[in-house]
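# What the coordinates show
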Amino acid sequence: MQEGCVLCPRKCGVDRNIQRGACNAPCFPYVAKAALHMWEEPCISGKRGSGAIFFCGCNLKCVFCQNYDISNGSVGKMYDAEGIAELMLRLQGKGAHNVNLVSPAPFVPVLADAIRAAKNRGLSIPVVYNTNSYETLEALRMLDGLVDIYLPDLKYVSGAVSKKYSGTENYFEYAAPAVQEMFRQTGLLELDGDGLANKGVIIRHLVLPGSVDETRRVLKYIAENFPKNITVSLMSQYVPCYKAEKMPPLNRKLLRREYERAVDYCLSLGLENAFIQKMDSAKREYTPVFDGKCD
């Protein structure tokens, strides 16, 4: 499986049965944590939490990565498709509102099998695909009909900025059509009677210090290429970490006036269906401890 891997835009071509490519991931994922998670958007976390499964490995190299210890290494133990299906069912049994697959891109074939297996065994809560959006259309189409809710990042439009901060200048070239494909599969966000998401897309964008112009580019693209009632999550939660701690202006938190400029521009484009964060959400305490435990 995944011999000569071209699953993601990196197209490393490595045999992941015997070596690791740019994502630093083997064929089967290491799970760094599986637990009820309270720190997603309110319609995802709800009152009982989202059933988050955090995978190790990532095909981006973000200098500000909050999960750098698992994006660059392996924590926990390796799971096959049946094992991941069991984790999904266990989280459902604990009351999770959904199953939330975090950083899933390197493992699409395994996860597609896992979702099928879990649904065959009684999984009835929505499946959330929580991604950096650096994906190929071929990979995403393996998930058509399996994923209920997509939580894609849309980080950058500029190739120069994406190269500097995430190690690839073609991020937008792949992320833009990837998010379009996610929207084709699941459409606008749909909520149940309790205000919980059961289908659709929420496009996330993290506003970075000194990068409001890049945020404007991203929001302008969304406004021009999606319905105006698309759901956007405009995040203020940036905290300096990893390599960014020594990289101005990323070595500071987002300023209130920067975030307010981003929000004002979002609203000026008619994107009024937006989640807006409080500035005090920028805390490291909201990042889980990746100890390999699967509650």
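Scope of this entry: the structure provided in the associated data block. (Residues numbered from 1 in each chain as written. Predicted model: local features only at pLDDT ≥ 70, side-chain atom pairs only at ≥ 80, totals over all residues. Heavy atoms only, no water.)

### Some details on the overall build of the protein
As a reminder, the rule being used: In this text, helices come from DSSP runs of H or I with a minimum length of four residues, and strands from runs of E with a minimum of two, each type numbered from the N-terminal end. For a compact globule the rule gives 2.2 Å times the number of residues to the power 0.38, and the radius of gyration it is set against comes from C-alpha atoms. Note on definitions: a residue-residue contact is assigned when non-hydrogen atoms from the two residues lie within 4.5 Å. Accessible surface is estimated by sampling points in the Shrake-Rupley manner with a 1.4 Å probe; for residues, cover comes only from the protein chains shown. Charged residues are defined narrowly, with Lys and Arg counted positive, Asp and Glu counted negative, and His plus the chain ends left uncounted. To locate a charge, take atom NZ for lysine, CZ for arginine, CG for aspartate or CD for glutamate.
The secondary structure content of the protein amounts to nine helices and ten strands. Since a compact globule built from 295 residues should have a radius of gyration of about 19 Å, the 18 Å found for the protein is in line with a globular shape. Along the first, second and third principal axes, the C-alpha set of the protein runs to 50 × 45 × 35 Å. Pairs at least 24 residues apart make up 73% of the contacts formed inside the protein by residues separated by at least 6 positions. Accessible area of the protein: about 12300 Å², with a carbon and sulfur share of 49%. Seen as two clouds, the 36 positive and the 32 negative side-chain charges of the protein have centres 4 Å apart.

### What to know about the packing of helix H8 (residues 212-225) against helix H9 (residues 256-268)
So the rule is basically this: Here the axes come from fitting lines to C-alpha atoms, over the contacting stretch only for helices, and the angles between their N-to-C directions go from 0 to 180 degrees. Each angle receives one of four descriptions, namely roughly parallel if under 35 degrees, roughly antiparallel if over 145, roughly perpendicular if within 65 to 115, and oblique otherwise. By definition, any crossing whose near helix is turned counterclockwise from its far helix by less than a right angle is left-handed, and any crossing with a clockwise turn is right-handed. Residue classes follow a fixed rule: Ala, Val, Leu, Ile, Met, Phe, Trp, Tyr, Cys and Pro count as nonpolar, while Asp, Glu, Lys and Arg count as charged, and any other residue, Gly among them, counts as polar.
Closest axis-to-axis distance for the H8/H9 pair is 10 Å, and the angle between their directions is 20°. In this view, H8 runs roughly parallel relative to H9, as classed from their interaxial angle. As H8 packs across H9, the resulting crossing turns out to be right-handed. Counting all contacts with H8, which are made through Val212, Asp213, Thr215, Arg216, Leu219 and Lys220, the residues of H9 involved are Glu258, Arg261, Ala262, Tyr265 and Cys266. When grouped by side-chain class, the residues that make up the contact of H8 with H9 number five nonpolar, one polar and five charged.

### Let's talk about the nonpolar core
Convention followed: By nonpolar core is meant a set of buried Ala, Val, Leu, Ile, Met, Phe, Trp, Tyr and Cys residues that side-chain atoms within 4.5 Å join together. Summary of the burial criterion: residues with accessible area below 20% of their type's maximum are buried, those above 50% are exposed, and those between are partly exposed, where the area comes from a 1.4 Å probe applied to protein chains only.
Core analysis: the largest hydrophobic core is formed by 82 residues, its most contacted members being Ile53, Phe64, Met88, Leu101 and Ile222. Among the elements that line this core, the one with the most residues is helix H4 (residues 108-120), at eight residues. When residues no more than four places from it in sequence are discounted, the contact partners of Phe64 are Tyr156, Tyr165, Leu206, Leu208, Tyr238, Cys241, Ala244 and Leu250. Of all hydrophobic cores here, the second largest spans eight residues; its members include Ile44, Ile149, Leu151 and Leu189.

### Remarks on unusual backbone geometry
In this structure, Pro249 follows Pro248 across a cis peptide bond, with omega equal to 0°. Inspection of the secondary structure assignment puts Pro249 in the loop between strand S9 (231-235) and H9. Notably, Lys11 is not glycine yet its phi reads approximately 45°, a positive angle. By the secondary structure assignment, Lys11 is in the segment before strand S1 (30-37). Of note, the phi angle at Asn24 is positive, near 60°, even though the residue is not glycine. Positionally, Asn24 belongs in the segment before S1. Owing to a relative accessible area of 23%, Asn24 belongs among the partly exposed residues under this scheme.

### What to know about the environment of Gly13
Mapping Gly13 onto the fold places it in the segment before S1. Using a relative accessible area of 40% as the deciding quantity, one classes Gly13 as partly exposed. Once the C-alpha coordinates of Gly13 and Ala118 are considered, the two residues, 105 residues apart in sequence, prove to be 30 Å apart. Residues contacting Gly13, with those up to four places away along its chain left out, are Gly4 and Cys5.

### Quick notes on empty space enclosed by the protein
As a reminder of what qualifies: Using protein atoms alone on a 1 Å grid, points that fit a 1.4 Å probe yet trap it form a cavity, whereas open point sets bounded by protein on both sides within 12 Å along at least five of seven lines form a pocket; residues with an atom within 4 Å of a point count as lining. Grid points are joined across faces, edges and corners, and a volume is the space filled by probe spheres set on the points.
For the coordinates displayed, the defined rule picks out two cavities of 30 Å³ or more. The computed volume of the largest cavity comes to approximately 110 Å³. For the largest cavity, the lining is made up of 15 residues, of which Cys5, Cys8, Cys12, Arg16 and Cys23 are closest to its centre. A per-class count over the lining of the largest cavity returns ten nonpolar, two polar and three charged. Lining of the second largest cavity is provided by Lys155, Tyr156, Val161, His205, Leu206, Val207, Leu208, Ser211, Glu214 and Thr215. Elements with a contribution of two residues or more to the lining of the second largest cavity: strand S8 (197-206) and H8.

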